[in-house]
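As a plain string of letters, each chain reads:
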Amino acid sequence: MASEDVKTSESAVSKIVNLAEEAKLAREGVKAPSYAILSICKSLVAGGVAGGLSRTAVAPLERLKILLQVQNPHSIKYNGTVQGLKYIWRTEGFRGLFKGNGTNCARIVPNSAVKFFSYEQASKGILYLYQQQTGNEDAQLTPLLRLGAGACAGIIAMSATYPLDMVRGRLTVQTENSPYQYRGMFHALSTVLRQEGPRALYKGWLPSVIGVIPYVGLNFAVYESLKDWLIKNPQFGFVEDSELSVTTRLACGAAAGTVGQTVAYPLDVIRRRMQMVGWKDAASVVTGDGRNKAPLEYTGMIDAFRKTVRHEGFGALYKGLVPNSVKVVPSIAIAFVTYEVVKDILGVEIRISD
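Residues numbered from 1 in each chain as written. Predicted model: local features only at pLDDT ≥ 70, side-chain atom pairs only at ≥ 80, totals over all residues. Heavy atoms only, no water.

Asks: Honestly, the packing of helix H8 (residues 205-232) against helix H9 (residues 246-276) in this entry has me stumped. Any pointers?
Replies: In helix packing, the relevant descriptors are the interaxial angle and the interaxial distance, both defined with respect to the helix axes. Closest axis-to-axis distance for the H8/H9 pair is 8 Å, and the angle between their directions is 170°. Between H8 and H9, the angle is such that the two are roughly antiparallel. Of the residues contributing to the contact of H8 with H9, the split by class is 18 nonpolar, 8 polar and 3 charged. (Axes fitted to C-alpha atoms, helices over the stretch in contact; angles between N-to-C directions. Helix = DSSP H or I, 4+ residues; strand = E, 2+ residues; numbered from the N terminus. Parallel < 35°, antiparallel > 145°, perpendicular 65-115°, else oblique. Nonpolar A, V, L, I, M, F, W, Y, C, P; charged D, E, K, R; others polar.)

Asks: Just checking my understanding: could you explain the side chain of Arg-55 for this structure?
Replies: Within the fold, Arg-55 resides in helix H2 (residues 33-57). For Arg-55, the residues in contact, after removing those within four places along its chain, are Glu-62, Asn-101, Asn-104, Arg-107, Ile-108 and Ser-331. (Contact = heavy atoms within 4.5 Å.)

Asks: I would appreciate a short explanation of empty space enclosed by the protein in the present structure.
Replies: Which parts of space are left empty comes out when a probe the size of a water molecule is rolled across the atoms. Scanning all chains against the criterion turns up 5 cavities of 30 Å³ or more. Within this model, the largest cavity holds a volume of roughly 390 Å³. Considering the residues around the largest cavity, the lining is formed by 27 residues, among which Arg-55, Met-158, Tyr-215, Asp-268 and Arg-271 are closest to the centre. Breaking the lining of the largest cavity down by element, the ones donating at least two residues are helix H3 (59-70), helix H5 (101-134), helix H6 (143-173), H8, H9 and helix H12 (321-346). Among the elements that take part in the lining of the largest cavity, H9 stands out by supplying 7 residues, more than any other. The class makeup of the residues in the lining of the largest cavity is 11 nonpolar, 6 polar and 10 charged. Shared between two domains, the lining of the largest cavity takes at least three residues from each, and those domains are domain 1 (10-76 + 327-348) and domain 2 (204-276 + 288-318). (1 Å grid on protein atoms, 1.4 Å probe; cavity = no way out; pocket = protein on both sides within 12 Å on 5 of 7 lines; lining within 4 Å. Points joined across faces, edges and corners; volume = space filled by probe spheres on them. Domains from an automatic or database assignment.)

Asks: Got a minute to help me understand H6 in this structure?
Replies: Because an α-helix packs 3.6 residues into every turn, residues spaced three or four apart end up facing the same way. Between its terminal C-alpha atoms H6 stretches only 37 Å, short of the 45 Å expected from 31 residues at 1.5 Å a residue. Approximately 65° is the largest bend angle found in H6, and it occurs at Thr-161, with the proline Pro-163 only one to four residues beyond. (Expected span 1.5 Å × (residues − 1). Bend = angle between axes of the 7 residues up to and from the residue.)

Dropping the structure here:
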């Protein structure tokens, strides 16, 4: 009788233990919706902080790059990085160096948030399909697959925030002597809608999307691939406790930014020029103070390429490349590292290399 009681007790205990283990596995396997939402919010916040901080740090170079891209070739005001920055300082003061940065941050914070989050989700989806196709559950993303995930993220983020980028370009170009002044982002949006129609907010969208595929795609692919390669080769001395230092990650981000922007830069010039088309009372830097006005009407992306090269030569496609190179290297590096650091601070478990 006693032995039967013992067996019954052991059976009950065993059952309780099994149920507890099953419940634990269920909790680990299925995360609560609130946890998933919190993780998404943290990821978006990290991306937004990364974008705002990185762009503000290089705002003067960003403005000079746009001015060089769109200035009238017959009335040169900005002739190089150092001279251009000095000219802005002399004619517009300190605030002139950061003109348009508020609008840029209003655009880049959601853009960066969506971009990093989209990259994470696209990476997971592509990795799952790749593992299913190869039949190898331990397969990892290749550089080409990372390029594809980055391209998807870039297209989504660019399309979602493009109207803000369009008006940011015009706000950045206008000076104190411009015939008509946009008073801010919302005033610029409403004015463009009223005078040029809703389609005007997407002028230059096609070259932007085409350019963002190699630019963002290469940024993520080069950054993640470099990180993985350095971690797998600790003999070079860059790995500390199975992690890369902040300095090393900055260097990886700088390399990624250099490769991406060099490949995609001509498309960036074309989109800026297309954004200026149809601007009534355009800034003098675009019209050339009324002297020898260059044609500003483009029928499309190809026409813009053709007219730019015909009137100004092939080198015009790389106008502003020097300040952009000086800007993009620290900007991309700061963005990647800030994103990872903020995610660590917020306690987000998913890393962008997953």
